[in-house]
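What follows is the residue order along each chain.
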Amino acid sequence: MGIVVSYVRWIYHGESYDTSDDDISIDEVDGASDDLNDDDLDEMLNNIGQSKWGDNWQASGDSSCTLDKDLESPRRLMDESHRELYEGCQSYSQFSFIVTILHLKTRSGWSIKSFDALLDIFRKALPTPSLVPKKFYEAKKYIRDLGFQGEKIHACVNACVLYRKQYASHTHCPNDDCKEPRFSGNDLKVPRKVGVNAYDALRNKTFTLRAALLWTINDFPAYGMLSGWSVKDYNACPTCMDETSSRYLTHSKKMCYMGHRRFFPDSNKWRRDKKNFNGTVDMRQPLTPKFGNEILADVDMFSNSRKRKSREDKQGWKKKSVFFKLPYWAKQKLNNTDIMHVVKNVTESLTATLFNIKNKTKDTWKSRKDLTDKGLKKSLHLQPNDNSFIMPMACYHLTKEEKRKILDFLNSHKAELEEENADNVNEHHEKQFA
């Protein structure tokens, strides 16, 4: 087989992977030191235009024509290819600078973070105003109309062929000595899992090790992105789904989710408590979450229309999860929520409300106005006082002495707490009694 020409640093044979600044210069990067002049850019743009729209692509035409509209962006780039990077700059136009520095990023393997930092240095060092982009994505967006697009191409599991051109429609490898299927599963278009060779010490033989995605653990927003269920608006609960108990709070401008009492035992006194909840008795039975094929059946009925939905539209599905492309995913649970994030967020909100921490408590003037609108908990309604209002103290607000006792107790047990949490206790202690 020989040695791959590009394998010059033997990282798989003991040589260090890290490189120092002295190892390689910018001139040694293949093609990185070649400056792009205006003629080069004009020729590049013209070649791209000819390959996509023909030899006369630069000729003006009817602006209402679909083709002519497609040509607006590349023609703009052609016009701006001579625009100075800053006033008096003779070395680079805006276009040549962006193309050159993106070329350097690719050749040198810069991260997006380091690329953004370099752009920031350029903006500060060059005369102002300059046309240096602020971020990598701004530079990338600028030249996206050049037509540089990636294409995913399936490959044979044994690297015999790429499924493109004459092999694009093949479902098995055309190599007579291979004939491996292109996809795994029956009619599912899921690329075949290649796996890696592994050694079984017990059986003293090698085998192909493959991986399977069993579940995901993530915070609530990521849960929504992965599952395809909208975790905001009226039906945000992925367990209750269409039976989510929710109200929109006009003053707080947010959704409020209730109905948790349905998950209590039937004999729990809170199920019949109207005063301390939403003014009603809740004797509903707990819901059974949907899994696997039930969810897939719902998703298959979902329309993929991208038409903007109104607030009154309570449809929960917003897309079909990509995980359903896995042939076994319909038999799995949808997702799991990271309990660490849930506990952290709930604890922070609860603590801020009990301690009545400014700008963090959930008990605000707006929330009190929402209670008034809903006719709930009259003892917490804002009380008129001349030309203003007074917010009555709630039963859950801690007094100064109660706060001190709690913080002193936690501070006395700081050795049993993690260092980071103990530091937070000290910080709150100092703020509360400064």
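Residues numbered from 1 in each chain as written. Predicted model: local features only at pLDDT ≥ 70, side-chain atom pairs only at ≥ 80, totals over all residues. Heavy atoms only, no water.

S.K.: Before we move on, can you summarise the packing of aromatic side chains with the specific residues and values?
M.R.: Aromatic ring pairs: the centre-centre distance and the angle between the two ring planes describe each pair. For the coordinates displayed, the defined rule picks out ten aromatic pairs. A ring pair is formed by Phe97 and Phe122, whose centres lie 5.3 Å apart and whose planes are at 90°; its orientation type is edge-to-face. Pair noted here: Phe97 is in helix H4 (residues 94–108) and Phe122 is in helix H5 (residues 112–125), with a separation of 25 residues, a long-range link. Note on Phe323 and Trp329: the rings are 4.9 Å apart at their centroids and 50° apart in plane angle, and the pair reads as tilted. When its relative accessible area of 16% is taken as the criterion, Phe323 is described as buried. (Phe/Tyr/Trp six-rings, centres within 6.5 Å; stacked < 30°, edge-to-face > 60°. Helix = DSSP H or I, 4+ residues; strand = E, 2+ residues; numbered from the N terminus. Buried < 20%, exposed > 50% of the residue type's maximum accessible area, 1.4 Å probe, protein only.)

S.K.: Can you break down the nonpolar core residue by residue, with the values?
M.R.: Counting residues in hydrophobic clusters, the biggest one holds 16 residues, and the most contacted among them are Leu85, Phe97, Ile98, Leu102, Phe115, Val132 and Ile143. When residues in this core are grouped by element, the largest group, six residues, is from H4. If we ignore the near neighbours within four places in the chain, the residues touching Leu85 are Tyr92, Ser93, Gln94, Phe97, Leu126, Ser130, Leu131 and Val132. Counting residues in hydrophobic clusters, the runner-up holds eleven residues, among them Met241, Leu296, Trp317 and Phe323. (Core = buried A, V, L, I, M, F, W, Y, C linked by side-chain atoms within 4.5 Å. Contact = heavy atoms within 4.5 Å.)

S.K.: Could you give an account of a nonpolar patch on the surface, with specific residues and numbers?
M.R.: There is a patch of nonpolar side chains on the surface, built from Ile339, Met340, Val342, Val343 and Val346 and spanning about 460 Å² of accessible area. Structurally, Met340 is set in helix H9 (residues 339–354). Owing to a relative accessible area of 55%, Met340 belongs among the exposed residues under this scheme. (Patch = residues over 30% accessible without salt bridge, like charges linked within 9 Å, V, L, I, M, F, W, Y side chains within 5 Å. Areas by Shrake-Rupley, 256 points an atom, 1.4 Å probe, with all protein chains shown as cover. Salt bridge = Lys/Arg side-chain N within 4 Å of Asp/Glu carboxyl O.)

S.K.: For the pattern of salt bridges, give the residues involved together with the corresponding values.
M.R.: Enumeration over the complete set of coordinates arrives at ten salt bridges. Close ionic contact of Asp363 with Arg368 constitutes a salt bridge, the shortest N to O distance being 2.7 Å. You'll find Asp363 and Arg368 in the same group, each marked buried. The network of salt bridges with shared partners includes Asp120, Arg123 and Lys124.

S.K.: Could you give an account of the environment of Glu84, naming the residues involved and the relevant values?
M.R.: In this structure, Glu84 sits in the loop between helix H3 (72–80) and H4. Accessibility expressed as a relative area gives 36% for Glu84, which makes it partly exposed. Separated by ten residues in the primary sequence, Glu84 and Gln94 have C-alpha atoms spaced 5.9 Å apart. With sequence-adjacent residues up to four places away left out, Glu84 is seen in contact with Cys89, Gln90, Tyr92, Ser93, Gln94 and Leu131.

S.K.: So, H5: which residues are in play, and what are the values?
M.R.: Along its 14 residues, H5 runs 20 Å from first to last C-alpha, staying within 8% of the 20 Å computed at 1.5 Å per residue. Taken together, the buried positions of H5 are occupied by Phe115, Asp116 and Leu119. Buried residues of H5, seen end-on, are gathered within an arc of 100° and therefore sit on one face of the element. Looking at H5, the residues exposed on the side facing more than 90 degrees away from the buried face are Lys113, Ile121, Lys124 and Ala125. Turning to H5, the residues buried within the fold contact H4 and helix H6 (136–142). (Expected span 1.5 Å × (residues − 1). Arc of directions from axis to C-beta.)

S.K.: Can you explain the confidence of the model for the protein chain? Please cite residues and give values.
M.R.: Overall, the prediction assigns the protein chain a mean pLDDT of 77, with 69% of residues at 70 or greater. Put simply, helix H2 (residues 66–70) is where the protein chain has its lowest mean pLDDT, 53, and helix H10 (residues 365–374) is where it has its highest, 92. Note on residues 17–34: pLDDT is under 50 here. Beyond four places in sequence and across chains, it has 19 contacts. Ignoring residues within four places in sequence, the model shows residues 62–67, a span with pLDDT below 50, making five contacts including any to other chains. (pLDDT = per-residue confidence, 0-100.)

S.K.: Outline helix H7 (residues 220–227), listing residues and values.
M.R.: Among all positions in H7, only Ala222, Tyr223, Gly224 and Ser227 are buried. Those residues of H7 that are buried are in contact with strand E5 (217–218) and strand E8 (336–337). Near the N-terminus of H7, the side chain that reaches the backbone nitrogen of Ala222, with its oxygen 3.1 Å away, is that of Asp219. At the exit of H7 stands Gly228, carrying a positive phi of roughly 95°. (Polar contact = N/O pair within 3.5 Å; in protein donor to acceptor, adjacent residues only side chain to side chain.)

S.K.: Give me a positive patch on the surface: which residues, what numbers.
M.R.: Side chains of Lys253, Lys254, Lys362, Lys366 and Lys369 sit close together on the surface and give a patch of like positive charge. Mapped onto the fold, Lys253 is located in the loop between strand E6 (246–249) and strand E7 (254–257). Take Lys253: its relative accessible area is 62%, and that puts it in the exposed class. (Lys, Arg positive; Asp, Glu negative; His and termini not counted. Charge placed at Lys NZ, Arg CZ, Asp CG, Glu CD.)

S.K.: So what's going on with unusual backbone geometry? Residues and values would help.
M.R.: Leave glycine aside and you will find that most residues have negative phi; peptide bonds, for their part, are mostly trans. Here Thr128 and Pro129 are connected by a cis peptide whose omega angle stands at 0°. Within the element layout of this structure, Pro129 appears in the loop between H5 and H6. In this structure, Asn204 is a non-glycine residue whose phi angle is positive, near 60°. By the secondary structure assignment, Asn204 is in the loop between strand E3 (196–200) and strand E4 (205–209). The residue Lys253 is not glycine, and still its phi comes out positive at about 55°.

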